[in-house]
Amino acid sequence: MTHRQIMKAFSGLLLALLVAMLSSTIVSNALPTILADLHGSQSQYTWVVTATLLTSTATTPLWGKLSDLFSKKLLYQLAIVIFTLGSALGGIAQSMPELIAYRALQGIGLGGLQALIQVVIAAMISPRDRGRYSGYIGATFAVATVSGPLVGGLIVDSPLGWRWCFWVCVPVAVAAFVVLGRTLHLPVLTRKVKIDWLGATLLVGGVALLLIWVSLAGKSFAWGSWTTVAYVGGALVSLGLAVFVESRASEPVLPLRLFRNRTITLSVLGTLAVGTAMFGGSVFLGQYYQIARGFSPTHAGLMTMPLVLGLFLSSTVSGQVISRTGRTKPFMVAGAVLLLVGLGLLSTVDHATNLTLMGSYLAVMGIGIGFLMQNLVLVVQNTVAMHDMGSASSVVTFFRTLGGSAGVSALGAVLSAQVATNVSAALGGKGGGAGGGSLDLKALPEPVRAVVRTAYGDATGKVFLIAACIAVVTLLAVVLMRETPLRASLDLREEAAPEEAETVEFQPIQQAHAPRHARTDDRPRAWFEPEQQPVSPVHGVVLTPDGAPVVGAAVTLTDAAGHQVARTSTNDVGGYRLPAPGSGHHILITAAPEHTPEAVALDLAGRPLHHDVTMARADSLVSVH
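Rules behind the numbers
- Residues numbered from 1 in each chain as written.
- Predicted model: local features only at pLDDT ≥ 70, side-chain atom pairs only at ≥ 80, totals over all residues.
- Heavy atoms only, no water.
- Helix = DSSP H or I, 4+ residues; strand = E, 2+ residues; numbered from the N terminus.
- Buried < 20%, exposed > 50% of the residue type's maximum accessible area, 1.4 Å probe, protein only.
- Contact = heavy atoms within 4.5 Å.
- Areas by Shrake-Rupley, 256 points an atom, 1.4 Å probe, with all protein chains shown as cover.
- Pairing = 2+ DSSP bridges.
- Patch = residues over 30% accessible without salt bridge, like charges linked within 9 Å, V, L, I, M, F, W, Y side chains within 5 Å.
- Salt bridge = Lys/Arg side-chain N within 4 Å of Asp/Glu carboxyl O.
- Phe/Tyr/Trp six-rings, centres within 6.5 Å; stacked < 30°, edge-to-face > 60°.
- Axes fitted to C-alpha atoms, helices over the stretch in contact; angles between N-to-C directions.
- Parallel < 35°, antiparallel > 145°, perpendicular 65-115°, else oblique.
- Nonpolar A, V, L, I, M, F, W, Y, C, P; charged D, E, K, R; others polar.
- Polar contact = N/O pair within 3.5 Å; in protein donor to acceptor, adjacent residues only side chain to side chain.
- Expected span 1.5 Å × (residues − 1).
- pLDDT = per-residue confidence, 0-100.
- Left-handed = near helix turned anticlockwise from the far one by under 90°.
- Core = buried A, V, L, I, M, F, W, Y, C linked by side-chain atoms within 4.5 Å.
- Disulfide = S-S within 2.5 Å.

Topic: the overall build of the protein chain
- A count of helices and strands for the protein chain gives 17 helices and nine strands.
- The buried share among the 625 residues of the protein chain stands at 56%.
- Long-range pairs, those at least 24 residues apart, make up 77% of the contacts in the protein chain between residues at least 6 apart in sequence.
- Roughly 24,400 Å² of accessible area belongs to the protein chain as shown, and the carbon and sulfur atoms make up 65% of that amount.

Points about the pairing of strand β7 (residues 598-604)
- Alternating positions in β7 separate cleanly, E598, V600, L602 and L604 being buried on one face and A599, A601 and D603 remaining unburied on the opposite face.
- Across seven bridges, strand β6 (residues 584-591) lies against β7 in antiparallel orientation. What sits directly across from I589, in β7, is A599.
- Between β6 and β7, which follow one another and run antiparallel, lie six residues, and E594 among them has a positive phi close to 65 degrees.

A closer look at the environment of L311
- Relative to the helices and strands, L311 resides in helix α13 (residues 305-325).
- Spatially, the C-alpha atoms of L311 and M365 are 8.1 Å apart, while their sequence positions differ by 54 residues.

A closer look at unusual backbone geometry
- Residues other than glycine seldom take positive phi values, yet E594 does so here, at roughly 65 degrees.
- Along the polypeptide, E594 turns up in the loop between β6 and β7.
- We classify E594 as exposed; its relative accessible area is 62%.

A word on helix α11 (residues 285-292)
- Of all eight residues in α11, eight are buried; the element is thus mostly enclosed.
- Taken together, the buried positions of α11 are L285, G286, Q287, Y288, Y289, Q290, I291 and A292.
- Just downstream of α11 lies G294, where phi reads positive at about 75 degrees.

Some points on a nonpolar patch on the surface
- A cluster of nonpolar side chains, L78, V81, V174, F177 and V178, forms an exposed patch at the surface whose accessible area comes to about 380 Å².
- Mapped by element, the contributors of at least two residues to the nonpolar patch are α3 (72-90) and α7 (169-183).
- Examining the composition of the nonpolar patch, we find that three residues originate from one element, α7, more than from any other.
- Positionally, V178 belongs in helix α7.

Side note on the packing of aromatic side chains
- Scanning all chains against the criterion turns up five aromatic pairs.
- With a centroid separation of 6.3 Å and an interplanar angle of 75 degrees, the aromatic rings of W162 and F166 are classed as edge-to-face.
- Overall, the relative accessible area of 6% leaves W162 in the buried class.
- Taken together, the aromatic side chains of Y288, Y289 and F295 make up a single cluster linked through ring pairs.

Points about the packing of α11 against helix α15 (residues 355-381)
- In the contact formed by α11 and α15, the axes pass within 14 Å of each other and the chain directions differ by 175 degrees. By the angle between their directions, the pair α11 and α15 is classed as roughly antiparallel. Along the contact surface, α11 presents L285, Y288 and Y289, while α15 presents L355, M358 and L362.
- Considering only residue class, the contact of α11 with α15 consists of six nonpolar, no polar and no charged.

Considering the side chain of S238
- Here S238 lies in helix α9 (residues 226-246).
- Polar side-chain contacts of S238 include one of 3.2 Å to the backbone nitrogen of G206.

Details of α15
- For α15, built from 27 residues, the straight-helix expectation of 39 Å at 1.5 Å per residue is met to within 8% by its first-to-last C-alpha distance of 40 Å.
- The opening residue of α15, the one whose side-chain oxygen lies 2.9 Å from the backbone nitrogen of T356, is N354.

Quick notes on the confidence of the model for the protein chain
- The predicted model of the protein chain has a mean per-residue pLDDT of 76, with 78% of residues at 70 or higher.
- Confidence, expressed as mean pLDDT per element, reaches its minimum in the protein chain at strand β1 (residues 505-506) with 36 and its maximum at helix α14 (residues 329-346) with 92.
- Per-residue pLDDT stays below 50 along residues 431-438; that stretch engages in 18 contacts with residues further than four places along the chain or on separate chains.
- Below a pLDDT of 50 lies the segment residues 619-625, which in the model reaches 15 contacts outside its immediate sequence neighbourhood of four places, other chains included.

Description of the packing of helix α4 (residues 96-124) against α15
- Where α4 contacts α15, the two axes come as close as 12 Å, and the packing angle between them is 50 degrees. Comparing their axes, α15 and α4 come out oblique. Relative to α15, the crossing made by α4 is right-handed. Residue-level inspection shows Q118, V119 and A122 of α4 in contact with α15, the latter providing Q374, V377 and Q381.
- Taken together, the residues of the contact of α4 with α15 sort by class into three nonpolar, three polar and no charged.

Things to note about the nonpolar core
- One finds F10, L13, I34 and Y76 to be the most contacted residues of the largest nonpolar core, which totals 129 residues.
- If you tally residues by element for this core, the top one is helix α1 (residues 3-37), at 18 residues.
- Apart from residues no more than four positions distant in its own chain, I34 is found in contact with V27, L99, W162 and F166.
- Counting residues in each nonpolar core, the second largest holds 18 residues, with V550, V565, A566 and M615 among its members.

Some points on the environment of H351
- Position of H351 relative to the elements: it lies in the loop between α14 and α15.
- On the basis of relative accessible area, H351 is assigned to the partly exposed category, the value being 33%.
- Residues H351 and A455 lie 104 residues apart in sequence; the distance between their C-alpha atoms is 7.7 Å.
- Sequence-distant contacts of H351, that is, excluding residues within four places in its chain, are made with Y288, R293, R453, T454, G457 and D458.
- A polar contact of 2.8 Å, which involves the side chain of H351, links it to the side chain of D458.

With respect to the environment of T201
- For T201, the location among the structural elements is in helix α8 (residues 197-216).
- Accessibility expressed as a relative area gives 54% for T201, which makes it exposed.

Overview of the state of the cysteines
- Using the criterion set out here, one finds zero disulfides in the structure.
- C165 forms no disulfide, and the closest cysteine sulfur to it belongs to C169, at a distance of 8.5 Å.

Right under this line is the structure:
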């Protein structure tokens, strides 16, 4: 796709992202008013947020897998429809249980929007060029985060009422649907599909049980009760069965083989902590400013601008620099450090913290998130082939939202318990239930109202302290991550991953002693060129008949006389790359344990040749192509 075509399609993607972010930022700032109107409690406040995160988290892997099997465009439009329906219904809710149910429906669509935007971008833009486009994503994120609380505050303070916080998203979602229909043109994958519904059900069930337990423990039942044992035990059994089923499924929803890649595993750990810190730490800011400091919803929205501006600047600048240099690790390490520092500083806030000082703390946290959020997805996409792009991208998004869901639930429980303790202590043991009671401060006597404000303000610091402890995991993950320069192609089958260079053994027959010259530019190479010797790379992937990569297969290229020209081993995604000096007839031989060796004749013409190999299990005959 040309840059013009990409930008047209990108406009629809950004509109969809805008509406998804608006739904969270508008509603979160209006929640204190909504709960007061619908007579909600602190636990229900948390569930309005958690319900959306729960369903979006649980469905993210399924959306990602479906994108590897069906039309990405139609799936994205379906996600928009589901999201829009949930938004429209949320505006007519008459009780807190109704609102929570509609928010759960909204979350199913949100899971698709979050997972599929990364997949669609990966199908259009190479990792090396993707950095500058991620700046647009950061800008959209910033606009939605800034305008959301402001628009939400204005709507709540106006005669329209809080219900329009849901309805205002509908026209934007419709516009995104139409724009994508006209501008997004991607090749549709047509192959026999077999969705692992059992694995998906077990995965969703296990995650749901775990998040429900975190949300209810400490309030509806004790952390050490038999109810806890039932929830945790059920979650572990469900997730254990999911791992068993996924390890044997031909089309797993969550391919476990991806976790053999060190970069993917560390990115998952890093993004899990980022989600916990980002969602869990920031979702309570609106509540802090409105309840602890007594600001209006509009004013509370303005107070979060340092966080958003920091995120906007860091994501935009880092995206441009990464596109030029191809390096992501320096930004991720800096982001992890700044996120940890920002959360640590925010852990010191109370009901009387200087607001200018708190704004600087939020800016530091925002810069850290901007350096991390998109880049953790980018490094994963850089290590996988296109046929795994949907699953790999959704894995990162899944664990980020899982961390956010668990973070909001757990930190909400901590906040509620701490508020109850603070109120009880201030009122001499007579206010123990305040933390989980009504959030309608106008209904409370002025002396009690002041006590509740102080209790919320003093309890908020502990939420950020816990988030800071979790952010240490992110720092360790990005420090241990091995950096791989971003490739300039869309698929590993077009350009081998740079880390394959370590496995290539280049042994040209006629120039065995020819000097190997050093690289003269900064482009990533997976082989060395001998002087005055034309080199045409032979590259591709080695797969089983069901599409799984054959890892560690020996791939050898010989000349017509049977002399070895080059040899390598396949990487974590089955990719290989061989230098092939000269032209003429050659033989490509592929061998792997428990597989039938394959040999095929190749005619090299002095230019790159893409050749995939399909290896059957032993005693089975499968041709190569």
